[in-house]
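# Tertiary structure, described
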Amino acid sequence: MTPPLASHDRPSSTKQSRLSNVLRRLLMRRATIVAADWLAEGFRLVTLEGQALRGVVWTPGQKVQVAVGTALATRTYTPIDWDPEQGRTRILCFAHGDGPGSAWVRGVGAGDGCDILGPRASLDAGHGTGALGVFGDETSIGLAYALAQQDPARSISSYFEIGNKASAEHVRTALQIRNVTLFLRSEGDAHLAQMEAALSPVLNAGAAFVLTGKASTVQRLRHELKRRGVPANRVVTKAYWAPGKTGMD
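Fair warning: this is a prediction, and the values are worked out from it, not measured in the lab.

### Focus: the sheet that holds strand S10 (residues 180-184)
Across a sheet, paired strands are connected by hydrogen bonds in the backbone, their directions being either parallel or antiparallel. Spatially, the five strands line up as an open sheet ordered S10-S9-S8-S11-S12, and their pairing is parallel. Two strands in the sheet have a free side with no partner beyond their single neighbour: S10 and strand S12 (235-241). On average, each strand axis in the sheet is inclined to that of its neighbour by 10 degrees, with strand direction left out of account. Taken together, the five bridges between strand S9 (residues 156-162) and S10 define a ladder with parallel strand orientation.

And the structure:
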């Protein structure tokens, strides 16, 4: 039997904290929360600012990872914009459940410090000028906004499965996102048939597809597009999350 560790042999919380601080300094950008506004139930628009955010090259679809505890505990978000001159970026956060990420979203406030990793490559949907159909959920709304802001003249239509229509509509209005269709989640995912039907007008318009959000929904819509013969170069996918799984980004 292995003898128990003596107290002086056990890793101390102080040592772990020091390691965390070293990792943050080496790998992450330091920023300050300058605003954290609730747009609707579950949705918070967080504005980060700092010297380390200046001069950054960012494109819509890229991700940042925010430290929500130690430097090794992060949650991934898609910035909705980035001002490299002011050193400022904004992320639209969706808080659901009781995990570390949701706790951070609910508890963060103006004046709090923040460490972020990135921006880094995640999803390349900003190239080209053709029409886009963006399919996703609450976690995809920020991406739709970023793509629309990149090229206001570009035709972009968005389709989101959501749990609270009123909240999602408040967010859409606050961010002034046009051409949005909302699908209320239903038992047994019956609403996904409606989302599949919404693929047709996008397909007929010759648009490209951006599929993000819940992994099973992304997979189902991608399979349907493949069944309809849509070539792979017209479809960009990125699963942001799956029930019971962590570490997806």
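### What about the side chain of Thr47?
In this fold, Thr47 is placed in strand S2 (residues 43-49). You can call Thr47 buried: its relative accessible area is 8%. If near-sequence neighbours (up to four positions away) are discounted, Thr47 is found in contact with Thr32, Ile33, Val34, Ala35, Arg88, Thr89 and Arg90.

### As for the pattern of salt bridges
Overall, the coordinates contain 10 salt bridges when judged by the stated rule. The partner of Arg88 in a salt bridge is Glu49, and the shortest N-O contact between them spans 2.3 Å. Here Arg88 is found in strand S6 (residues 88-94), whereas its partner Glu49 is found in strand S2, with 39 residues between them in sequence. Arg172 serves as the salt-bridge partner of Glu169, at 2.9 Å between the closest nitrogen and oxygen. Of this pair, Glu169 and Arg172 both sit in helix H4 (residues 165-175), separated by three residues, roughly a single helical turn. Among the residues examined, Glu169 registers a relative accessible area of 34% and is labelled partly exposed.

### Section: the packing of aromatic side chains
Per the stated rule, a full pass over the model turns up four aromatic pairs. Considering the side-chain rings of Tyr77 and Trp104, the 6.1 Å spacing of their centres and the 35 degrees angle between planes classify their relative orientation as tilted. One end of the pair, Tyr77, is in strand S4 (residues 74-77); the other, Trp104, is in helix H2 (residues 100-107), and 27 residues separate them in sequence. In this structure Tyr77 comes out as buried when scored by relative accessible area, which is 10%. An aromatic cluster is built from Phe135, Tyr159 and Phe209, whose rings are joined through pairwise contacts.

### Considerations on the state of the cysteines
Under the definition given, this model contains zero disulfides. Considering cysteine sulfurs only, Cys114 is the nearest to Cys93, which forms no disulfide, with 9.1 Å between them. Cys114 sits in the buried class, given a relative accessible area of 2%.

### A look at the layout of surface pockets
There is about 220 Å³ of room inside the second largest pocket. Of all the elements in the fold, those that place two or more residues in the lining of the second largest pocket are helix H3 (141-150) and S9. Classifying every residue of the lining of the second largest pocket gives six nonpolar, five polar and two charged.

### A closer look at the side chain of Glu138
Positionally, Glu138 belongs in the loop between strand S8 (132-137) and H3. Excluding anything up to four places from it in sequence, Glu138 contacts Phe43, Phe94, Glu161, Ile162, Gly163 and Arg185.

### Comments concerning the sheet that holds S4
If you walk across this open sheet you meet the seven strands as S4-S3-S7-S1-S2-S6-S5, and the pairing is antiparallel. The open sheet has two edge strands, S4 and strand S5 (79-83), and neither has a second partner. The sheet shows a mean angle of 35 degrees between the axes of neighbouring strands, direction not considered. Pairing between strand S1 (residues 29-40) and S2: seven bridges, direction antiparallel. If you follow Ala40 over to S2, its bridge partner there is Phe43.

### Looking at H2
Those residues of H2 that sit buried are Gly101, Ser102, Trp104 and Val105. For H2, the angular spread of the buried residues around the axis is 160 degrees, confining them to a single face. Packing partners of the buried residues in H2 comprise S1, S2, strand S3 (63-67), S4, S6 and strand S7 (113-120).

Parameters at a glance
Residues numbered from 1 in each chain as written. Predicted model: local features only at pLDDT ≥ 70, side-chain atom pairs only at ≥ 80, totals over all residues. Heavy atoms only, no water. Pairing = 2+ DSSP bridges. Helix = DSSP H or I, 4+ residues; strand = E, 2+ residues; numbered from the N terminus. Axes fitted to C-alpha atoms, helices over the stretch in contact; angles between N-to-C directions. Buried < 20%, exposed > 50% of the residue type's maximum accessible area, 1.4 Å probe, protein only. Contact = heavy atoms within 4.5 Å. Salt bridge = Lys/Arg side-chain N within 4 Å of Asp/Glu carboxyl O. Phe/Tyr/Trp six-rings, centres within 6.5 Å; stacked < 30°, edge-to-face > 60°. Disulfide = S-S within 2.5 Å. 1 Å grid on protein atoms, 1.4 Å probe; cavity = no way out; pocket = protein on both sides within 12 Å on 5 of 7 lines; lining within 4 Å. Points joined across faces, edges and corners; volume = space filled by probe spheres on them. Nonpolar A, V, L, I, M, F, W, Y, C, P; charged D, E, K, R; others polar. Arc of directions from axis to C-beta.

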